[in-house]
Structures are given as C-alpha cells and as structure tokens.
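Spelled out, the chains give:
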Amino acid sequence: MARSSDDTSARPSRSGERRLGELVGQIALVDHHCHGIVRGPLDRAGFESLLCEADAPGRWHGTLFDTQVGLAVRRLCGPVLDLPPDVPADDYLARRAELGSNEVARRLLRGAGISEFFVDTGFRPDRLTTPGELAACAAASAQEIARLEPVAEEVIATHRADDFAEACRDRLTSAAATAIGFKSIAAYRVGLDLAPERPPTDEVVAAATRWAGAIERGGPIRLADETLIRFLIWTAVDLGRPIQFHTGFGDADADLGRCDPLLLAPLLRATAGRGVPIMLLHTYPFHRHAGCLAQVFDHVFVDVGLAVQNVGSRAGQVVAELLELAPFGSVLFSSDGYGLPELFHVSATLFRRALWDFLAAGVEDDAWSERDAERIAHLIAAENARRAYGLDDGGAGRGSLA
C-alpha cells in the first residue's frame, strides 16, 4: 500500500541512511568476472585503446576520454592518484607515468575494495597479469575461470580429429581441478541461438574433421562451429562447474543481434536441474531480458559488469532496471576489468553508488526495511557469488591464489 505524503514512519532515518551508505561503501566485493591488467607503462593511444570497446581513438569520434567511462576515470581515479577530479587527460596520464604502473595499480585495485577476483585467463594471457599477480597487487585472492574455446583450439592443433573429443574432455577435466568455473564466448563465434541438445559423438567427430581440414588448407585456428561449441558446453556441464556466457554488447567482433540472452532459453531449459549455475555476463542492453531469465530459471545468475563502467553516470538506472525482475539472490557483481586497473576502480565505485541509491530509494518508498536493504547488499556484493561458485563449501581451496 502506498504511504501518504505525511507518513514518515517508513522513511529511513538519517542515521539509517548513513549506516546503509557506509555498509555499501565498505563491503568487500567478489568480482566474479574480470581479466588481468597490462604490465608496464602505456602511452596515450595505448591507454585510450583499453578504455572501452572501441579499438582505439578514431578519426571521427576523437578522444575516448570524451566518453562516460573516460570522464569517470578522471573523476573517480584522479583523487586516488592525488589529482583533482577534473584533471585534464594529459595531466592524468603524466601523473600515472610519474607514479609508475605498479603503484597506480596498487592504489586503484586496493581502493576498489574487491576481496576476490574470478579471472578469465583465456584472452591474451601473454599480455595480461596472471590471477596470482592480480591478487598480489590488490592484496586479495583470485580464482581462475577457464575459457572453453581456446582449449579446443589448442587440442585441434595437436591431435587428430578422431581424438579431438577425448582430448578435450581430458583437458577440461584437468582445468576443473583448479578453475572455479568455465566461460564460453559462443556469442562471438556462432551466436547464442544454440541447439539445446548434447551433440552425438559422430557429429562431433565430423565437425572436428571439417575444422582440421580447413586448418590444413590454411584456415584460421579459430573455433566457430556450433556443434563443437555445444560439445564443449555439455562437457563443462558434466564437470559441474558454473559456466559463464558472454551476452550483450562487446567489441566490433560481436554481432549484437545474436547476443541477446533470450536466445539461450532452450539451453537453459535443457540444463535446469543439472546443478550447474549459468552466469549471464554483461547483458546490456538486454539486462531486462536477463532479469526475466534469472527469475524463471533457478540456476541462472546475472550481472551488468561491462555496462556499469561504460555507462558511467547512468549506472544507477541500469542496475535498477536489472533489479526490476531479477531475484536479489541471482545478481552478482562483476567489474569486467580488463587491461587498466582504472576499470576495476570505476566499476566498483559506480556499482556501490548504484546499489546504495537503489536500496535507499526502496527504504524511502517503504518497499523494504533498512534491515532488508542491508541483507540484500550483502547478497549482491559477495554472498551470491560465494554460494553459486561453491566458495562456502570448500571451493575456495580450488585454485585460490592469495
């Protein structure tokens, strides 16, 4: 029932609002999806190329500092580096060079308040820090997320097509001994409109044979076969680890129309009841779609990780829209930090602000109590991730790097 304008009984007290703000601001986050950071110094072009999904500053758009994320970096990270929040971009980069990349990373990562990182190691591992290096820099712990498609690409380069399936199973079984979960980039390679059935062995062998033949004729070692990707996903399901899926927007290689998480509904039905959490990463601009899926499928978890840093000042609206339907027990924090420690800091800061605004508004509107708001904050910040990835039942010992 809506309360009248003169009903103050449900309004949060100033002390209660302040207590909630302090809680959300200080709570240790579990970052369930991120990457490593680059080693060494960066020039301006190199820095800007890592700010967002654009490859580099372009002729027409101009500097990528003139984006929501570029402005957020200056305003939120500048003070951490002893600079004013409106510091010009060149001055920010000069200070960054003066401090050195290691000190910059230490300040920004530790200032983000992230206690655990789940690190996708399948993209440009030669360029980025390892999970252990990231953990040491942040004074935190880290777990590995094993990406599925590179495993198949390594196998096809060294095995006969007839041995492909068994070799992949062996590699993924070994990965599951240390990795806390798996990730698929099917959205980039074939789209998310995947047939839900487990592919039979003869179809897997035939697909591997076609792929091996194409490679012999000079084709790329890049997995883009729907049958083989489904085989990898079902092999991961059999191993019982949570499986992450890239959904929503990404770089220029992603066909956004094929990245809507609703396309995964048949696969979600097929995997329901298997005891394997499915993580829908990023989801924007389909975050409301993802929220619907999280409500109707108990094993589905969602985040808006990549979006939070990119939408900057609009992060509050995006987070609120995700939380319209998604159960509070299915929402996770993700920075999707990649390359720059600034992205971890920006994501964590904006997410905390968005979550605080959402929860405080609910108390103000008599939608929930202060006690409920505090409990929900703990769920979304860390407890959901710890439960979904099994950290509270012994999973923390699997590949944990402190």
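All residue numbers refer to positions counted from 1 along the written sequence of the respective chain. With the structure being a predicted model, the display of local features is reserved for residues of pLDDT at least 70 and the display and counting of side-chain atom pairs for 80 or more, all residues being used for whole-chain, interface and lining totals. Water and hydrogen atoms were dropped before computing side-chain values, which therefore reflect all heavy atoms in the structure.

*Asks:* Before we go on, may I ask you to explain the overall build of the protein chain in this structure?
*Replies:* A run of H or I in DSSP becomes a helix once it reaches four residues, and a run of E becomes a strand once it reaches two; helices and strands are each numbered from the N terminus. When you go through the protein chain residue by residue, the secondary structure sums to 17 helices and seven strands. The atom set for the radius of gyration is the C-alpha atoms, and the globule formula is 2.2 Å times the number of residues raised to the power 0.38. Computed over its C-alpha atoms, the radius of gyration of the protein chain comes to 22 Å, within 12% of the 21 Å expected for a compact globule of 402 residues. Note on definitions: a residue-residue contact is assigned when non-hydrogen atoms from the two residues lie within 4.5 Å. Of all intrachain contacts in the protein chain linking residues separated by at least 6 positions in sequence, the fraction that spans at least 24 positions is 76%. Positive residues here are Lys and Arg, negative ones are Asp and Glu, while His and the chain termini are left out of the count. Where a charge lies is defined by one atom per residue type: Lys uses NZ, Arg uses CZ, Asp uses CG and Glu uses CD. Considering the protein chain, the positive charge centre built from 41 side chains and the negative charge centre built from 56 side chains are found 2 Å apart.

*Asks:* Can you walk me through the sheet that holds strand β7 (residues 300-302) in this structure?
*Replies:* As a general point, the strands of a sheet are linked pairwise by backbone hydrogen bonds and lie either parallel or antiparallel. Criterion used throughout: strands pair if DSSP finds at least two bridges between them. With parallel pairing, the seven strands of this open sheet are ordered in space as β1-β2-β3-β4-β5-β6-β7. In the strand order of this sheet, the two ends are held by β1 (29-34) and β7, each with one partner. Here the strands of the sheet are splayed against their neighbours by 25° on average, with no regard to which way each runs. Pairing analysis gives three bridges linking strand β4 (residues 181-184) to strand β5 (residues 243-247), with the strands arranged parallel. From the neighbouring strand, K183 faces β5, where its bridge partner is Q244. Only the stretch in contact is used when a helix axis is fitted, and all axes are lines through C-alpha atoms; the angle between N-to-C directions ranges over 0 to 180 degrees. Sitting on the sheet, helix α17 (residues 370-388) is in contact with β1, β2 (114-120), β6 (278-282) and β7, with an inclination near 60° to β1.

*Asks:* Even after reading the chapter, I still don't get the nonpolar core, so can you show me in this structure?
*Replies:* Nonpolar side chains in soluble globular proteins tend to be buried together. By size, the foremost hydrophobic cluster in this structure holds 128 residues, and its most contacted members are Y92, F117, F164, V302 and L359. If we skip the residues at most four places from it in the chain, F117 touches D31, C34, L134, A138, A140, S141, A142, Q143 and F344. Each nonpolar core is a collection of buried residues, namely Ala, Val, Leu, Ile, Met, Phe, Trp, Tyr and Cys, held together in the definition by side-chain atoms within 4.5 Å. Accessibility here uses a 1.4 Å probe with only protein chains present; expressed as a share of the type maximum, an area under 20% marks a residue as buried, one over 50% as exposed, and anything in between as partly exposed. Within the second largest apolar cluster, 13 residues are counted, among which are I145, L281, L332 and A388.

*Asks:* Got a minute to help me understand the packing of aromatic side chains in this structure?
*Replies:* When we look at a pair of aromatic rings, we describe it by the centre distance and by the angle of the planes. Put simply, two rings from Phe, Tyr or Trp (the six-membered ring, in Trp's case) pair if the centres are within 6.5 Å, and we call them stacked under 30 degrees between planes, edge-to-face over 60, tilted for the rest. In the structure shown here, the tally under the stated rule is 12 aromatic pairs. Taking 5.8 Å as the distance between ring centres and 75° as the angle between the ring planes, the aromatic pair formed by F117 and F344 counts as edge-to-face. Taken together, the residues span a long stretch of sequence, with F117 in strand β2 and F344 in helix α16 (residues 341-364) at a distance of 227 residues. Of the two residues examined, F117 and F344, each falls in the buried class. Seen in terms of ring centroids, F328 and F358 are 6.2 Å apart; in terms of plane orientation they differ by 75°. Their pairing is edge-to-face. Highlighted residues: F328 in the loop between α15 (315-322) and α16 and F358 in helix α16, separated in sequence by 30 residues. What makes F328 partly exposed here is its relative accessible area of 22%. Here F358 falls in the buried class, since its relative accessible area comes to 16%. Pairwise contacts between aromatic rings join F47, F65 and Y92 into one cluster.

*Asks:* Before we go on, may I ask you to explain helix α6 (residues 131-138) in this structure?
*Replies:* Buried residues of α6: P131, L134, A135, C137 and A138, and no others. Along α6, the residues classed as buried sweep out an arc of 165° about the axis, all on the same side. If you follow the buried residues of α6, they end up packed against β1, α5 (101-111), β2, β3 (141-147) and α16. The arc in question is the one traced by the directions running from the helix axis out to the C-beta atoms.

*Asks:* Explain the pattern of salt bridges here, please?
*Replies:* The term salt bridge refers to a pairing of a side-chain nitrogen on Lys or Arg with a carboxyl oxygen on Asp or Glu at a separation within 4 Å. What the rule picks out here adds up to 27 salt bridges. A salt bridge links E98 to R95, with the nearest nitrogen and oxygen atoms 3.3 Å apart. Of the two residues, E98 and R95 are both situated in helix α4 (residues 89-99); the distance of three residues between them amounts to about one turn of the helix. A relative accessible area of 16% places R95 in the buried class. Taking the shortest distance from any N to any O, the salt bridge between R375 and D372 comes out at 3.0 Å. Of this pair, R375 and D372 both sit in helix α17, three residues apart, which is roughly one turn of the helix. Judged by relative accessible area, R375 falls into the partly exposed class, the value being 47%.

*Asks:* Hey, could you run me through unusual backbone geometry in this one?
*Replies:* Leaving glycine aside, a negative phi is the common case for residues, and trans is the common case for peptide bonds. That bond from Y284 to P285 is cis: its omega, 5°, falls within 30 degrees of zero. Within the secondary structure layout, P285 lies in the loop between β6 and α13 (287-296). Of note in this structure, T283 is not a glycine but carries a positive phi near 70°. Along the chain, T283 turns up in the loop between β6 and α13. According to the relative accessible area criterion, T283 is buried, its value standing at 0%.

*Asks:* Is there a simple way to explain the packing of helix α8 (residues 164-176) against helix α11 (residues 226-239) in this structure?
*Replies:* Two quantities define a packed helix pair, namely the angle between the helix axes and the distance between the axes. With their axes 10 Å apart at the nearest point, α8 and α11 run at an angle of 40° to one another. With respect to their mutual orientation, α8 and α11 come out oblique. Crossing hand, α8 versus α11: right-handed. Facing α8, whose interface residues are F164, A165, C168, R169, L172, T173 and A176, α11 presents L228, F231, L232, T235 and L239. Only Asp, Glu, Lys and Arg are considered charged, only Ala, Val, Leu, Ile, Met, Phe, Trp, Tyr, Cys and Pro nonpolar, and every remaining residue, Gly among them, polar. When its residues are assigned to classes, the contact of α8 with α11 shows nine nonpolar, two polar and one charged. Working rule for angles: under 35 degrees goes down as roughly parallel, over 145 as roughly antiparallel, 65 to 115 as roughly perpendicular, anything else as oblique. Working rule for handedness: look at the near helix, and if it is turned counterclockwise from the far one by less than a right angle, call the crossing left-handed; if clockwise, right-handed.

*Asks:* Where do I start with the packing of α16 against α17 in this structure?
*Replies:* The contact between α16 and α17 brings their axes to 9 Å, and the two run at 155°. In terms of orientation, α16 lies roughly antiparallel with respect to α17. In the crossing of α16 with α17, the sense of the turn from one axis to the other is right-handed. When α16 is examined against α17, the residues F351, L355, L359 and V363 are found in contact with a partner set consisting of E370, A373, I376, A377 and I380.

*Asks:* Looking at this structure, I do not really get the side chain of S335. What am I missing?
*Replies:* As for its placement among the helices and strands, S335 is situated in the loop between α15 and α16. Whenever two N or O atoms come within 3.5 Å, that pair is a polar contact, provided that in protein one can donate a hydrogen and the other can accept it, and provided that, for residues adjacent in sequence, both atoms are side-chain atoms. Among the polar contacts listed, one links the side chain of S335 to the side chain of D31, at a separation of 2.4 Å. Ignoring sequence-local partners within four residues, the contact set of S335 consists of D31, H33, C34, G305, Q309, F344 and S347.

That's the geometry; what it means functionally is another story.
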